[in-house]
Amino acid sequence: MQIIHSPTHSIDLNVVIIGASHAGVNLAFNLRQQGWLGSITLIDSDPELPYHRPPLSKKTLQASNSLSTPLKAEKAYKDNNLVLRLGQTVTAIDKQEKLIILDDDSCITFDKLVLATGCSAFIPPIPGLSDTLDEAGNPQYFAMRTFADAQAIKAALKNSTDKQVVIIGGGYIGLESASSFVALGADVTVIEKQDKILSRVTSSVMSDFLTQLHIDKGVALHTGKDVVEIQHQGNKHLVVCSDGTHYPADFILVGVGVRLNTQLASDASLAIEQGIKVNDVCQTSHPDIFAIGDCTTHFSKLYQRWIRLESVQNAVDQAKSVAQCLTNKAPLAPAVPWFWSDQYEYKLQIVGLSQGYDELIVREESPTQFSVWYFKAEQLLCVEAVNNSKAYVLGMQAIKQSLLVNKQVLKDTTTALTKALLLSE
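Quick caveat, the model's predicted, so the values are computed rather than measured. (Residues numbered from 1 in each chain as written. Predicted model: local features only at pLDDT ≥ 70, side-chain atom pairs only at ≥ 80, totals over all residues. Heavy atoms only, no water.)

Re the confidence of the model for the protein chain
For step 1, the next point in the chain: Looking at the protein chain, the pLDDT average stands at 95 and 97% of residues meet or exceed 70.
For step 2, the next point in the chain: Contacts for the low-pLDDT stretch residues 1–10, under 50 throughout, to residues beyond four places or in other chains number 18 contacts. (pLDDT = per-residue confidence, 0-100. Contact = heavy atoms within 4.5 Å.)

Overview of the packing of aromatic side chains
For step 1, the next point in the chain: Tallying each qualifying case throughout the model produces nine aromatic pairs.
For step 2, the next point in the chain: On the numbers, 5.8 Å between centres and 70 degrees between planes, the contact of Phe181 with Phe251 is edge-to-face. Linking Phe181 in helix H5 (residues 172–183) with Phe251 in strand S17 (residues 251–254), this pair joins segments that are 70 residues apart in sequence. Comparing Phe181 with Phe251, the two get one shared label, buried.
For step 3, the next point in the chain: Ring geometry for Tyr357 versus Tyr374: centroids 4.9 Å apart, planes at 75 degrees, classification edge-to-face. (Phe/Tyr/Trp six-rings, centres within 6.5 Å; stacked < 30°, edge-to-face > 60°. Helix = DSSP H or I, 4+ residues; strand = E, 2+ residues; numbered from the N terminus. Buried < 20%, exposed > 50% of the residue type's maximum accessible area, 1.4 Å probe, protein only.)

Considerations on the nonpolar core
For step 1, the next point in the chain: With 63 residues, the main nonpolar core has Phe181, Trp373 and Leu422 as its most contacted residues.
For step 2, the next point in the chain: With near-sequence residues (within four places) excluded, Trp373 lies in contact with Glu359, Leu360, Ile361, Leu380, Cys382, Val383, Ala391, Leu394, Gly395, Leu410, Leu417 and Leu422.
For step 3, the next point in the chain: Membership of the second largest hydrophobic core comes to 46 residues, among which are Ala20, Val25, Ile43 and Leu102. (Core = buried A, V, L, I, M, F, W, Y, C linked by side-chain atoms within 4.5 Å.)

Side note on the pattern of salt bridges
For step 1, the next point in the chain: Using the criterion set out here, one finds 16 salt bridges in the structure.
For step 2, the next point in the chain: A salt bridge links Glu273 to Lys277; its shortest N-O distance comes to 3.7 Å.
For step 3, the next point in the chain: Judged by relative accessible area, which is 24%, Lys277 ranks as partly exposed.
For step 4, the next point in the chain: The closest approach of N and O atoms between Asp342 and Lys347, which form a salt bridge, is 2.7 Å.
For step 5, the next point in the chain: Residue class for Asp342 comes out partly exposed when judged on its relative accessible area of 23%.
For step 6, the next point in the chain: Salt bridges sharing common partners tie together Lys98, Lys112 and Asp288. (Salt bridge = Lys/Arg side-chain N within 4 Å of Asp/Glu carboxyl O.)

Side note on the sheet that holds strand S14 (residues 227–233)
One key point about sheets: their strands pair by backbone hydrogen bonds, in either a parallel or an antiparallel sense.
For step 1, the next point in the chain: With antiparallel pairing, three strands are arranged side by side in an open sheet as S14-S15-S16. Two strands lie at the open edges of the sheet, namely S14 and strand S16 (246–249), each paired on one side alone. Averaged over all pairs of adjacent strands, the angle between their axes in this sheet comes to 25 degrees, without regard to strand direction.
For step 2, the next point in the chain: One ladder, built from six bridges, connects S14 with strand S15 (residues 236–241); its direction is antiparallel. From the neighbouring strand, Ile230 faces S15, where its bridge partner is Val239. (Pairing = 2+ DSSP bridges. Axes fitted to C-alpha atoms, helices over the stretch in contact; angles between N-to-C directions.)

Comments concerning the pairing of strand S25 (residues 359–366)
For step 1, the next point in the chain: Relative to strand S26 (residues 369–376), S25 runs antiparallel, the two sharing seven bridges. Considered in S26, the bridge of Arg363 is made with Ser371.
For step 2, the next point in the chain: Here S25 folds back onto S26, and the loop between the two strands holds two residues.

Here's the deal with the sheet that holds strand S21 (residues 296–300)
For step 1, the next point in the chain: Spatially, the three strands line up as an open sheet ordered S19-S21-S22, and their pairing is mixed. Either end of the sheet is taken by a strand with one partner, and the two such strands are strand S19 (276–278) and strand S22 (305–307). Adjacent strand axes in the sheet meet at a mean angle of 30 degrees when their direction is disregarded.
For step 2, the next point in the chain: Direction of pairing for S21 relative to S22: antiparallel, over a ladder of three bridges.

Written as structure tokens, this is what we have:
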């Protein structure tokens, strides 16, 4: 077994980062910016130069080229003396010896280890799904997690006869992909098990708006339907639901959730509860092992509960926190969660978390521009803004600074929203 030894002098302490997406890459560059002089190694099973993931269901799917959007140019890694080991998988962590074992049986020792392992698509055990193939035996069911997934989906759409696509799952990935498929001229069906799309993460107001938006764009959107089987008739595949309805597809996109990539952490006996548990500086239950990004759960001082976030913002902010910690800099202030989604000509911007609200106020500036404000008593929890950056910015300021929102001003659409009128100490 080949062992790559870490340096022995403190100035040469080495950091190994498992996962080279937004969290891992941002950490590596932040460490250099904060003055880390030791070695930094990034390891990822994806062979592609690390790339932006949010565009996969949007611009990447619709683009005519076959290129990903790199997070950083390849030269930037070399200029910052960062070691990229792409197309390699870590199979185990040895905490006692402080080394990781790779799939080629080589080992790398570490002084500090960071898990940025993210999530993988959950593929439900639907009978017949794994047999959804074309005549050449290529899979015709896909997830949307990697650049390779997006390219395979584009190829399937190009080679399909009728461009009939069935999307199982009405979450953000499914809905964003649906809007991209419509733009590409596909016949799109979305099947959601719950009675409303996005029912776990938003209110009926936003769910109903997005439902009607997709229907108006020509998507056949069915809720309250449970897929129980995939049948096959030549090149066509029938997605069969428990109520007996069935929907033809040239190929199927599955977007019903994710599996957290926590197996390495679990095998290393790190604390896990709805994700790898980390403290304010993203340190795990082992002092020399940190975790960042989608695979983690942390206690939110803002919301006073443990939360797990799947967002680029959280990945980037946690990367900054670890960089500050490892370079002995002052901790950063807790960040306010924010997200976004592009569907057709609409941009949805979300700040905060709406769970636990007891009042919501809808402010409509026009049929194509509105915002939904979620309160718990007088505390603003979340703002969802559709084509309304001003509402999003004001919501961010209110939540971040714990400001009170004047609800009467908010409800009065004849009054323009300004910080002076809307927010107060």
